Amino acid sequence: VRLVESGGGSVQPGGSLRLSCAASGFTFNNYAMSWYRQAPGKGRELVATITNDGGTTNYADSVKGRFTISRDNAKNTVYLQMNSLKAEDTAVYFCRLVRALVIYWGQGTQVTVSS
């Protein structure tokens with residue numbers, strides 16, 4: 001299993017970023033996927049989840065209405081569109097897979113929101 005995030009960077013408050021997580025080594029369209037984040041000095045928190053077929057999504061209250069999780073099963077990729085970014089969204093963002101009770105993480109991508 002390999003999960004590789006990309007798309008992070010620095011952006012001003014109110015800006016947008018689109019994160020991608022390219023997956024390989026497993027049958028992507030059989031599994032739900034999630035995005036998590038970890039801010040400096042804090043624990044890792046769930047941001048959004050999407051079912052294997054993309055039909056159901058769930059979001060943390062802190063990002064509802066601003067972030068959108070989606071997936072392209074033909075490309076084995078899950079995305080996180082982040083709009084109206086705030087300083088408190090600054091964190092390392094990770095995608096996560098749970099397969100056969102084993103948790104897999106990508107290496108993370110840094111998102112910094114600052115003026």
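Here, every reference points to the structure presented above.
Residues numbered from 1 in each chain as written. Predicted model: local features only at pLDDT ≥ 70, side-chain atom pairs only at ≥ 80, totals over all residues. Heavy atoms only, no water.

**A closer look at the state of the cysteines**
So, step 1. Going through the model one piece at a time under the given rule, you end up with 1 disulfide.
So, step 2. Here C21 connects covalently by a disulfide to C95, the sulfurs 2.0 Å from one another. Note on the C21 and C95 pair: the S-S dihedral is about 50°, so by sign convention the disulfide is right-handed. Placement of C21 in strand β3 (residues 17-24) and of C95 in strand β9 (residues 91-99) is noted, with a sequence separation of 74 residues between them. (Disulfide = S-S within 2.5 Å. Helix = DSSP H or I, 4+ residues; strand = E, 2+ residues; numbered from the N terminus.)

**Some details on a nonpolar patch on the surface**
So, step 1. Residues V98, I103 and W105 make up a contiguous nonpolar surface patch of about 250 Å² in total accessible area.
So, step 2. Assignment of secondary structure puts V98 in strand β9.
So, step 3. The partly exposed category is assigned to V98, whose relative accessible area is 36%. (Patch = residues over 30% accessible without salt bridge, like charges linked within 9 Å, V, L, I, M, F, W, Y side chains within 5 Å. Areas by Shrake-Rupley, 256 points an atom, 1.4 Å probe, with all protein chains shown as cover. Salt bridge = Lys/Arg side-chain N within 4 Å of Asp/Glu carboxyl O. Buried < 20%, exposed > 50% of the residue type's maximum accessible area, 1.4 Å probe, protein only.)

**Some points on the pairing of β3**
So, step 1. Bridging between strand β1 (residues 2-6) and β3 involves 5 bridges; their strand directions are antiparallel. Within β3, the position partnered with V4 by the bridge is A22.
So, step 2. Two strands pair when backbone bridges link them, and β3 and strand β8 (residues 77-82) are joined in this way by 6 bridges, in the antiparallel orientation. Considered in β8, the bridge of C21 is made with V78. (Pairing = 2+ DSSP bridges.)

**Observations regarding the side chain of S20**
So, step 1. Checked against the element boundaries, S20 lands in strand β3.
So, step 2. Those residues in contact with S20 that lie beyond four places of it in its chain are V4, E5, S6, W35, T77, V78 and Y79. (Contact = heavy atoms within 4.5 Å.)

**Topic: the nonpolar core**
So, step 1. Counting 28 residues, the largest nonpolar core has W35, L80, M82 and Y93 as the members making the most contacts within it.
So, step 2. Among the elements of the structure, β3, β4 (33-38), β5 (44-50), β7 (67-72), β8, β9 and β11 (109-113) are those that each provide at least two residues to this core.
So, step 3. Those residues in contact with L80, other than ones at most four positions away along the chain, are L17, R18, L19, W35, V47, A48, F67, T68, I69 and Y93. (Core = buried A, V, L, I, M, F, W, Y, C linked by side-chain atoms within 4.5 Å.)

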